[in-house]
Amino acid sequence: MTYAYLGPEGTFTESAVRRLAGGSVRDAVPFPSVPAAVESLVSGRSERAVVPLENSVSGVVPATLGELVTHAGRIRIDAQLSIGVSFDLMAAAGTELSDVRRVVTHPHAHGQCGRWVRRHLPHAELVTAASTAEAARAVADRTAPRDAAIASSAAAARYGLTVLASDIGARQDAMTRFVSLRRSGPEGPPTDRDRTALLITSDRSDPGVLTGVLGELSARQVSVTWIQSWPRPAEHGRYHFLVEVDGHITEGGLAEAVVAMRRGVDSLTLLGSYPYLVDHALVGERTAA
Ligand SMILES: O=C(O)C(=O)C[C@]1(C(=O)O)C=C[C@@H](O)C=C1
């Protein structure tokens, strides 16, 4: 199986690829952004794209939501994996904590480590990078003695940086959900832990369209696990809704609800029925061990 993922090597996304693929990664190719990884999938150069969807502290990853909306109908989620994330502060050998003037990382990692940085490096400039590993790579390349990156311990090892402080995130139980995407085609068979994602678009302005649609789910005992909205650029004030529910699309209650929901909206696109997997091992601790 060939995988495209948010790189470079050493991102949390790369850990997700390894865990999702087990031993079967033939080729895992890092890309500099979520859209670039998804483009590789859509154009047929990769069989899967693995990208972050949501962090339990910093929230949704907008780039991934945007790609799901843009490519709805062409791509499907084929697995979702939640993994524990743990962040270290790292710099070139010889840099002391008191030397650090700039802290570089992904916006979600800034969100999770902000309290620690404000307390220990209150005057540091905060610089964003496309991923945590990209921050580590940039700090290693520049060898600027006053720069530090926030990334996983795996990234510190990969880019030869020294860890100045470990596990600096606000919550030790922080988790990020990643999605594995494939091109559209028949859904895999049900497992005992499936979720289904639907994209709903409606131009009807009568009140209660969304409530009505969700009512079809609750009437059949289908639990909603996640709802997101995404603006429609050509229609100000109107939105797509991504609704994720428990269960597989072939299961009685959900299959019936979807038929009923279609009647109430202009378009309902299946974004996938997929196993939802949770791995509580902290990436940083695991790779350090
Ligand atoms: O930068 C990485 O290492 C990523 O895999 C991306 C990402 C994210 O998008 O939230 C994943 C987990 C962490 O919360 C920080 C960054």
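Rules behind the numbers
- Residues numbered from 1 in each chain as written.
- Predicted model: local features only at pLDDT ≥ 70, side-chain atom pairs only at ≥ 80, totals over all residues.
- Heavy atoms only, no water.
- Helix = DSSP H or I, 4+ residues; strand = E, 2+ residues; numbered from the N terminus.
- Rg over C-alpha atoms; globule rule 2.2 N^0.38 Å.
- Buried < 20%, exposed > 50% of the residue type's maximum accessible area, 1.4 Å probe, protein only.
- Contact = heavy atoms within 4.5 Å.
- Areas by Shrake-Rupley, 256 points an atom, 1.4 Å probe, with all protein chains shown as cover.
- Near = heavy atom within 4 Å.
- Polar contact = N/O pair within 3.5 Å; in protein donor to acceptor, adjacent residues only side chain to side chain.
- 1 Å grid on protein atoms, 1.4 Å probe; cavity = no way out; pocket = protein on both sides within 12 Å on 5 of 7 lines; lining within 4 Å.
- Sits in = over half its atoms within 2 Å of the grid points.
- Nonpolar A, V, L, I, M, F, W, Y, C, P; charged D, E, K, R; others polar.
- Domains from an automatic or database assignment.
- Pairing = 2+ DSSP bridges.
- Salt bridge = Lys/Arg side-chain N within 4 Å of Asp/Glu carboxyl O.
- Phe/Tyr/Trp six-rings, centres within 6.5 Å; stacked < 30°, edge-to-face > 60°.
- Lys NZ or Arg CZ within 6 Å of the ring centre and 35° of its normal.
- Axes fitted to C-alpha atoms, helices over the stretch in contact; angles between N-to-C directions.

A. Representation of the overall build of the protein in the model. When helices and strands are counted, the protein shows nine helices and 15 strands. Taking 2.2 N^0.38 as the reference for a compact globule, 289 residues should give roughly 19 Å; the C-alpha atoms of the protein span a radius of gyration of 20 Å, in line with that estimate. Principal-axis analysis of the C-alpha atoms places the extent of the protein at approximately 65 × 40 × 30 Å. Counting over 289 residues, the protein shows a buried share of 52%. Within the protein, counting contacts between residues at least 6 apart in sequence, those at least 24 apart form 78% of the total. Within the structure as shown, the protein displays about 12,800 Å² of accessible surface, and the carbon and sulfur contribution to it stands at 51%.

B. Representation of the site of the ligand within the structure. Looking at the ligand, there are 14 residues lining it, with F12, T13, Q112, T132 and T176 nearest. At 2.4 Å from an oxygen atom of the ligand is found a side-chain nitrogen or oxygen belonging to T132. Under a 2 Å grid-point criterion requiring more than half of the atoms, the pocket assigned to the ligand is the largest cavity. For the shell around the ligand, a count of residues per class yields five nonpolar, nine polar and no charged. Taken domain by domain, the shell around the ligand gets at least three of its residues from each of domain 1 (2-84 + 175-281) and domain 2 (88-171).

C. How the structure looks around the pairing of strand 9 (residues 147-151). With five of five residues buried, strand 9 is to be regarded as a mostly interior element. On strand 9, burial covers both faces: D147, A149 and A151 on one face and A148 and I150 on the other are all buried. Summarising the sheet, strand 6 (residues 88-91) and strand 9 pair through three bridges and their orientation is antiparallel. Counted as the bridge partner of L89 is I150 from strand 9. Examined bridge by bridge, strand 7 (residues 102-105) and strand 9 share three bridges and lie parallel to one another. Looking across to strand 9, one finds that V103 is bridged to A148.

D. Region of the structure containing the pattern of salt bridges. Taken as a whole, this structure holds 20 salt bridges when the rule is applied. One network of salt bridges, with partners in common, ties together E54, R177, R195, E244 and D246.

E. Representation of the packing of aromatic side chains within the structure. As enumerated under the stated definition, the model contains one aromatic pair in all. Summarising the aromatic geometry, the rings of F12 and F87 are spaced 5.3 Å apart at their centres and angled 75° between planes, so their arrangement reads as edge-to-face. Here F12 is found in helix 1 (residues 12-21), whereas its partner F87 is found in the loop between strand 5 (75-84) and strand 6, with 75 residues between them in sequence. Here F12 falls in the buried class, since its relative accessible area comes to 7%. In this structure, R177 is placed above the aromatic ring of W226, and the distance from its NZ or CZ to the ring centre is 4.6 Å.

F. How the structure looks around the sheet that holds strand 10 (residues 162-165). With respect to topology, five strands assemble into an open sheet ordered 8-7-9-6-10, the strand pairing being mixed. The sheet is open, and its two borders are formed by strand 8 (125-128) and strand 10, each paired with just one other strand. Between one strand axis and the next, the sheet turns by 35° as a mean value, whatever way the strands run. Taken strand by strand, helix 4 (residues 107-120) contacts strand 6, strand 7, strand 8, strand 9 and strand 10, and its axis lies near 145° from that of strand 7. Contacts from helix 5 (residues 132-142) reach strand 6, strand 7 and strand 9, with the element oriented near 155° to strand 9.

G. Seen up close, the environment of R262. Relative to the assigned elements, R262 resides in helix 8 (residues 252-264). On the accessibility criterion, R262 (45% relative accessible area) is partly exposed. Here the alpha-carbon distance between R262 and I200, two residues 62 residues apart in the chain, equals 8.8 Å.

H. Just the environment of L126, in detail. The residue L126 is located in strand 8 in this model. Residue class for L126 comes out exposed when judged on its relative accessible area of 51%. L126 sits 79 residues away from E47 along the chain, and the two C-alpha atoms are 36 Å apart. Other than its neighbours up to four places away in sequence, L126 contacts V103, H110 and V117.

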